Amino acid sequence: MKVCICGGGNIGHVIAGFVSAQKRHEVCILTHHPGQWSQDVVIEAPEGKTFAGHLNSVSSDVQQMVSDADIVLLCLPGYAIRETLLLVRDYLPSQTAVGSVVSSTGFFFEALDVLPANQPLFGFQRVPFISRIIEYGHSARLMGYKDSLSMAVEHTAHPEVLRDVMAEMLQTPIQLLNSFYEASLSNSNPLLHPSRLYSLWKDWNEGEVFSHVPLFYEEWTEEAARLYIQMDDELQTLLERLPVRKGSIATVLDYYESVDAHTLSQKLRSIEAFKGILAPVKKVEGGYVPDFKSRYFTEDFPYGLQIVQRLTRQHGVDSPVIDQVLQWGLSRLA
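My aim in this report is to walk through the structure given alongside it, one point at a time. For clarity, every value in this text was computed on a predicted model and none was experimentally measured.

Criteria and thresholds
- Residues numbered from 1 in each chain as written.
- Predicted model: local features only at pLDDT ≥ 70, side-chain atom pairs only at ≥ 80, totals over all residues.
- Heavy atoms only, no water.
- Helix = DSSP H or I, 4+ residues; strand = E, 2+ residues; numbered from the N terminus.
- Buried < 20%, exposed > 50% of the residue type's maximum accessible area, 1.4 Å probe, protein only.
- Contact = heavy atoms within 4.5 Å.
- Pairing = 2+ DSSP bridges.
- Right-handed = clockwise from strand over helix to strand, strands pointing away.
- Axes fitted to C-alpha atoms, helices over the stretch in contact; angles between N-to-C directions.
- Parallel < 35°, antiparallel > 145°, perpendicular 65-115°, else oblique.
- Left-handed = near helix turned anticlockwise from the far one by under 90°.
- Polar contact = N/O pair within 3.5 Å; in protein donor to acceptor, adjacent residues only side chain to side chain.

With that settled, consider the environment of I322. Topologically, I322 is positioned in helix α13 (residues 320-333). The class for I322 is buried, based on a relative accessible area of 0%. In the structure, I322 is positioned 281 residues away from V41 in sequence and 40 Å away in space, judged by C-alpha atoms. Those residues in contact with I322 that lie beyond four places of it in its chain are M231, E234, L305, V308 and Q309.

This is the structure we're talking about:
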């Protein structure tokens, strides 16, 4: 198969290198920066493993990359999804499956609006790998695997076929979800990141400088954990009004095998793949200030938490904590 990966961020690097290293499929990259890429991409994985991938092509030419693709996989931030779908739609073969590496930033809502009515669609509930670029276009680090993945599929009579193809590519078992809502509404990044950011900097004022950069997870607080649980409670109430299977999106406490804010904060501090991740800051004279232009803000508030809030309002669900955290986050983007 020809697999076209759209986007050259952390996860795009890792999936491109990981899949092409298996030498079963033709992998190409659609990117704005083709000149910065090597066709040979090295992926460093846990336990000293290395995957040496080779890309068939890297280009910014949409027609060249998409017109004969069997799978188009978006590895993009939320703000780039609609723009990219509009770019590729005129060149997509009708049978090409278009998907997103994570669906909680609006992929299905945008794809159903932009693409032809019968275009096969798929999207993951959570990202397949925890990933970090080492050298752009050349190497990246696969920091953590998932035991299994969940994926929604629309507009195909045999979703299990696409499920099996993606499971083979990612070397990870995949379960099919019953509804695209089950993939689109996540209590991962859209709730996880805002709860921590709000607890960190809700009282920050312009001109205030701090001397050290907080560790995003290893210094997670019980206040952030309480906010995370409260927002998840509001999300779970929303799910009761939507066509989703009960339990299809595990509660935060169940997912992280915790019972309260204290045990949840301990769990988040201890996850090996999260260690060393810093809060988003920028350096200024005398220290550091929050970086409100980081993807933690530009992605997880307007293309994550706001999608959840929009649905709570459409379905008459009270969401005071989500409203409060979202209002703060959007105000920092203004």
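Bringing the pairing of strand β11 (residues 149-154) into the picture now. Most of β11 sits inside the fold, with five of its six residues counted as buried. Where strand β8 (residues 121-124) lies against β11, four bridges are found, and the strand directions are antiparallel. Paired with G123 across the strands is A152, a residue of β11. Note: β11 against strand β12 (residues 174-176), three bridges, orientation parallel. What sits directly across from L149, in β12, is I174. Following the chain from β11 across helix α5 (residues 159-170) to the adjacent parallel β12, one finds a crossover that is right-handed.

This part is about the packing of helix α12 (residues 301-314) against α13. Running from N to C, α12 and α13 cross one another at 140°; their axes reach a closest spacing of 10 Å. Relative to α13, the element α12 is oriented oblique. Both α12 and α13 take part in a crossing whose hand is left-handed. Across the interface between the two elements, F301, P302, L305, Q306, V308, Q309 and R313 of α12 pack against I322, D323, V325, L326, W328, G329, L330 and L333 of α13.

Relative to the assigned elements, Q125 resides in the loop between β8 and β9 (129-135). At a separation of 2.7 Å, a polar atom in the side chain of Q125 contacts the main-chain carbonyl oxygen of E182. Other than its neighbours up to four places away in sequence, Q125 contacts V102, S150, L177, E182, A183, S186, S248 and I249.

Sheet architecture is open: eight strands sit in the order β5-β2-β1-β6-β7-β8-β11-β12, paired in mixed fashion. The open sheet is flanked by β5 (57-59) and β12, the only strands paired with a single partner. This sheet shows a mean twist of 25° between the axes of neighbouring strands, independent of strand direction. Contacts from helix α1 (residues 10-21) reach β1 (2-6), β2 (26-30) and β6 (71-74), with the element oriented near 160° to β2.

Strand pairing in a sheet relies on backbone hydrogen bonds, with the paired strands running either antiparallel or parallel. On the basis of which strands lie adjacent, the open sheet formed by four strands has the order β4-β3-β10-β9 and mixed pairing. Each edge of the open sheet carries a strand with a single partner, namely β4 (50-54) and β9. On average, each strand axis in the sheet is tilted by 25° relative to the strand beside it, whichever way the strands run. Packed on one face of the sheet, α1 meets β3 (40-44), β4, β9 and β10 (139-145) and runs near 95° to β9.

Walk down a regular strand and you will see the side chains alternate between the two sheet faces. With five of five residues buried, β1 is to be regarded as a mostly interior element. Covered by surrounding structure in β1 are K2, C4 and C6 together with V3 and I5, the residues of both alternating faces. Where β1 meets β2, five bridges bridge the pair, whose relative direction is parallel. Residue I5 lies in a different strand from β2, and its bridge partner there is I29. Chirality of the crossover, the property in question, places the unit of β1, α1 and β2 among those that are right-handed. As paired elements, β1 and β6 share four bridges and run parallel to each other. Within the sheet, the bridge partner assigned to C4 lies in β6 and is V72.

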